[in-house]
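A closer look at the structure
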Amino acid sequence: MDLYGRVRHAVLVDGMSRREAARIFGINRRTVEKMLRFSIPPGYRRDKVIRRPKLDAYMGIIDQILEAD
């Protein structure tokens, strides 16, 4: 989060170019673009539900064991 704020401040307030910010902070230019697009880091968003084909059949039993414990 610290790097995120420093990059945004350097580009938006200090007027540093995006390319220069990428070079100085040692990150990709696309990463700088993403940092400027969102005021706070958006985090990871999963598109699909997690599939666990071997474990799904036993989830009821596992939940019962965890509840009992």
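Each remark here, short or long, concerns the structure printed above.
Residues numbered from 1 in each chain as written. Predicted model: local features only at pLDDT ≥ 70, side-chain atom pairs only at ≥ 80, totals over all residues. Heavy atoms only, no water.

**Digging into the side chain of Arg 8**
For the record, the criterion: Runs of H or I in DSSP of at least four residues are treated as helices and runs of E of at least two as strands, each being numbered from the N terminus. In this scheme, a residue with accessible area under 20% of its type's maximum is buried, one over 50% is exposed, and one in between is partly exposed, where area comes from a 1.4 Å probe on protein chains only. Under this rule, positive means Lys or Arg and negative means Asp or Glu; His and the chain ends count for nothing. In what follows, salt bridge is the name for a side-chain nitrogen of Lys or Arg lying within 4 Å of a carboxyl oxygen of Asp or Glu. Side-chain atoms alone can form a polar contact between residues adjacent in sequence; in general such a contact is a pair of N or O atoms within 3.5 Å, and within protein one must be able to donate a hydrogen while the other accepts it. Here a residue-residue contact requires only that any non-hydrogen atoms of the pair lie within 4.5 Å.
Tracing the sequence through the fold places Arg 8 in helix α1 (residues 2-12). Buried Arg 8, no salt bridge; nearest opposite-charge side chain is Glu 33, N-O distance 9.9 Å. A polar side-chain atom of Arg 8 sits 2.9 Å from the main-chain carbonyl oxygen of Met 35. If we skip the residues at most four places from it in the chain, Arg 8 touches Val 13, Met 35, Leu 36, Phe 38 and Ser 39.

**What about the packing of α1 against helix α3 (residues 29-37)?**
The cut-off we apply is this: Helix axes are fitted to C-alpha atoms over the stretch in contact, other axes to C-alpha atoms as well, and angles between N-to-C directions run from 0 to 180 degrees. The scheme is simple: roughly parallel for angles under 35 degrees, roughly antiparallel for over 145, roughly perpendicular for 65 to 115, oblique for anything else. When residue character is reported, Ala, Val, Leu, Ile, Met, Phe, Trp, Tyr, Cys and Pro are called nonpolar, Asp, Glu, Lys and Arg charged, and the others, Gly included, polar.
Interaxial distance between α1 and α3 falls to 10 Å at its minimum, and their mutual angle equals 85 degrees. The pairing of α1 with α3 is recorded here as roughly perpendicular in orientation. Residues Leu 3, Tyr 4, Val 7, Arg 8, Val 11 and Leu 12 of α1 lie in contact with α3, whose contacting residues are Val 32, Lys 34, Met 35 and Leu 36. Taken together, the residues of the contact of α1 with α3 sort by class into 8 nonpolar, no polar and 2 charged.

**Points about the environment of Arg 18**
Position of Arg 18 among the secondary structure elements: in helix α2 (residues 18-25). With a relative accessible area of 41%, Arg 18 lands in the partly exposed category. With 14 residues separating them in the primary sequence, Arg 18 and Val 32 have C-alpha atoms 6.6 Å apart. For Arg 18, the contacting residues outside a window of four places in its chain are Val 11, Val 32, Glu 33 and Leu 36.

**What about the nonpolar core?**
In summary, soluble globular proteins display a tendency toward joint burial of nonpolar side chains. To keep it simple, the criterion reads: Take the buried Ala, Val, Leu, Ile, Met, Phe, Trp, Tyr and Cys residues and link them wherever side-chain atoms come within 4.5 Å; each set so joined is a nonpolar core.
One finds Tyr 4, Val 7, Ala 10, Val 11, Met 16, Ala 21, Ala 22, Val 32, Met 35 and Leu 36 forming the largest nonpolar core, which totals 10 residues. It is α1 that provides the largest number of residues to this core, a total of 4 residues. The residues touching Val 7, leaving out its near neighbours within four places in the chain, are Phe 25, Ile 27, Val 32 and Met 35.

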